[in-house]
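# Topology and contacts: notes
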Amino acid sequence: MTTNAVPRVINLRDTGGTLPLGVILVDRRTRFGNPFKVKDFGLAVAMALFQDMADGFCDPRTAGARYAEADALSFEWRARLAPENPRVIIIEALKGKSVACWCRPPEGFQGRLLCHGQILVGIANGIPPESVE
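Right, let's walk through the structure included here. (Residues numbered from 1 in each chain as written. Predicted model: local features only at pLDDT ≥ 70, side-chain atom pairs only at ≥ 80, totals over all residues. Heavy atoms only, no water.)

Glancing now at the state of the cysteines. Here a disulfide denotes a covalent bond joining the sulfur atom of one cysteine to the sulfur atom of another. Evaluation of the coordinates by the stated rule reveals zero disulfides. Between Cys-101, a free cysteine, and Cys-103, which holds the nearest cysteine sulfur, the sulfur-to-sulfur gap is 3.9 Å. Overall, Cys-101 belongs to the buried group, its relative accessible area being 6%. Between Cys-103, a free cysteine, and Cys-115, which holds the nearest cysteine sulfur, the sulfur-to-sulfur gap is 3.1 Å. (Disulfide = S-S within 2.5 Å. Buried < 20%, exposed > 50% of the residue type's maximum accessible area, 1.4 Å probe, protein only.)

Put into structure tokens, the structure is as follows:
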């Protein structure tokens, strides 16, 4: 995979855990990792919270009863990445690049928002995250 290809999300399981050349790792071990675990928040809420966080805030309506926990995770993530405007760092670091994570399904996303990597690629390239494969 080169950086000239259409940016997409690659599942590291499909590469034997090897990061392809030019692809940026965005799992939880990195500054781009999603702190909102699906097993803790559910898929829809974890994706919505990550989108909110990338936009620079944590919406109490999204987090519901777990707002305090979500806000703390959001604050820690923004502090690691860019306290003022995470989108600027995301665009600078990821524009035109594919990303790698562990959650892309074998059949692809098929227009469904299933991975925070889609949100990152969408922000970096000015496209809807649901269109990212």
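Ranked by size, the top nonpolar core spans 30 residues in total, and within it Phe-32, Phe-36, Ile-90 and Leu-94 carry the most contacts. At the level of elements, helix H2 (43–54), helix H4 (67–81), helix H5 (86–94), strand S3 (99–101) and helix H6 (116–125) are the ones that each hand at least two residues to this core. Excluding anything up to four places from it in sequence, Phe-32 contacts Leu-25, Val-26, Asp-27, Phe-50, Trp-77, Leu-81, Ile-90, Ala-93, Leu-94, His-116 and Leu-120. (Core = buried A, V, L, I, M, F, W, Y, C linked by side-chain atoms within 4.5 Å. Helix = DSSP H or I, 4+ residues; strand = E, 2+ residues; numbered from the N terminus. Contact = heavy atoms within 4.5 Å.)

Another point: the packing of aromatic side chains. Scanning all chains against the criterion turns up two aromatic pairs. An angle of 90° between the planes, with centres 5.6 Å apart, marks the rings of Phe-36 and Phe-41 as edge-to-face. Of the two residues examined, Phe-36 and Phe-41, each falls in the buried class. Considering the side-chain rings of Phe-50 and Trp-77, the 5.4 Å spacing of their centres and the 70° angle between planes classify their relative orientation as edge-to-face. A residue pair is termed long-range when its members are at least 10 positions apart, and Phe-50 in helix H2 and Trp-77 in helix H4 qualify at 27 residues. One exposure class covers both Phe-50 and Trp-77, and it is buried. The ring centre of Phe-41 lies 4.3 Å from the NZ or CZ of Arg-66, which sits over that ring. (Phe/Tyr/Trp six-rings, centres within 6.5 Å; stacked < 30°, edge-to-face > 60°. Lys NZ or Arg CZ within 6 Å of the ring centre and 35° of its normal.)

Function cannot be inferred from these measures alone, as they are strictly geometric.
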